[in-house]
Amino acid sequence: MSSRLYIVGTGGYAKEVAQLAHAVMQSTGSWTEIAFLGEDEADASMAMRFGKVVGTDALLLDARHDLDVVIGIGSPRIRQALATRLSKLSHLRFPNLFHPRSTVSLDYIKCGVGNLFHAGSVVTCDVVVGDFNVFNLNTTVGHDSVIGSCNVFNPGCNISGNVRMGDGCLVGTGCQVLEKLSMPSRTTLGAGSVLVKSIDVEDGVYVGIPARRLR
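Cut-off values and rules
- Residues numbered from 1 in each chain as written.
- Predicted model: local features only at pLDDT ≥ 70, side-chain atom pairs only at ≥ 80, totals over all residues.
- Heavy atoms only, no water.
- UniProt positions renumbered as here; feature names shortened; annotations may be inferred.
- Pairing = 2+ DSSP bridges.
- Helix = DSSP H or I, 4+ residues; strand = E, 2+ residues; numbered from the N terminus.
- Contact = heavy atoms within 4.5 Å.
- Axes fitted to C-alpha atoms, helices over the stretch in contact; angles between N-to-C directions.
- Core = buried A, V, L, I, M, F, W, Y, C linked by side-chain atoms within 4.5 Å.
- Buried < 20%, exposed > 50% of the residue type's maximum accessible area, 1.4 Å probe, protein only.
- Polar contact = N/O pair within 3.5 Å; in protein donor to acceptor, adjacent residues only side chain to side chain.

- The chain is annotated in an unreviewed UniProt entry as PglD N-terminal domain-containing protein from Aquariibacter albus.
- Database annotation for the chain, UniProt heading Sequence similarities (unreviewed entry): "Belongs to the transferase hexapeptide repeat family."

Next up, the structure:
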């Protein structure tokens, strides 16, 4: 493990990822420094809370030694694109970040890489989690669920047991997904929605109680 953790992104969610990483550092001593990577070289040396901008993601491409990297962007589409591109670089490592106040045990779940578990997130038992997912504040995932990759769960989501979810989904703040339902890849579930039946069509946007397709 390197002494520096790189966060790709400089926006609002990148700040929250830095806060998560700082809590992990204080708890485990995993890294001693946080650095941000932006879109523009002109942002280099810009001060951020918990660290500063040190360049763009070109720095990752040019590196000649192992680096620890997390994606600090909250858009599933952009997370997928970055994850696909950066995963091809064998010198990059993508740690899972578990906030000290999350309830997630690798003894009880299977977990890929690059996942972010914020404070209050709970994943129970016999859950399979892919790569590069975001489990934001106070999100819960119930038993025997299977979560794909690059999904973003905004704060306060409750995913019941035996749920099946594809890749690149966006689950809005305060959503509820009832037991034994499925969501295909690239589904968007609007804030506060309650999903009461499985979805069959990819790329749909669903809102309301019960959630109905908007487009």
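What follows continues from the structure just given.
**Observations regarding the sheet that holds strand β3 (residues 47–48)**
At step 1: Across the sheet, six strands lie side by side as β3-β4-β2-β1-β5-β6; this open sheet has mixed pairing. Edge positions in the open sheet fall to β3 and β6 (92–93), since each of these has one partner strand only.
At step 2: Strand direction decides the pairing type here: strand β5 (residues 67–71) and β6, joined by two bridges, are parallel. Looking at β6, one finds that D68 is bridged to R93.
At step 3: Here helix α3 (residues 76–86) sits on the sheet and contacts β1 (4–8), β5 and β6; the angle it forms with β5, its principal contact strand, is near 160°.

**Section: the nonpolar core**
At step 1: Counting 25 residues, the largest nonpolar core has F153, V171, V177, M183, L189 and L195 as its most contacted members.
At step 2: Excluding residues within four positions of it along the chain, F153 makes contact with V134, F135, N136, T139, I147, I159, M165 and V171.
At step 3: Core analysis: the next-biggest nonpolar cluster, separate from the first, contains 20 residues, A18, A21, I34 and F36 among them.

**A look at the side chain of H91**
At step 1: Take H91: it is sitting in the loop between α3 and β6.
At step 2: A distance of 2.8 Å separates the side chain of H91 from the backbone oxygen of L60, its partner in a polar contact.
At step 3: In this view, H91 contacts L60, L61, A63, H65, D66 and L67; residues no more than four positions away in its chain are not counted.

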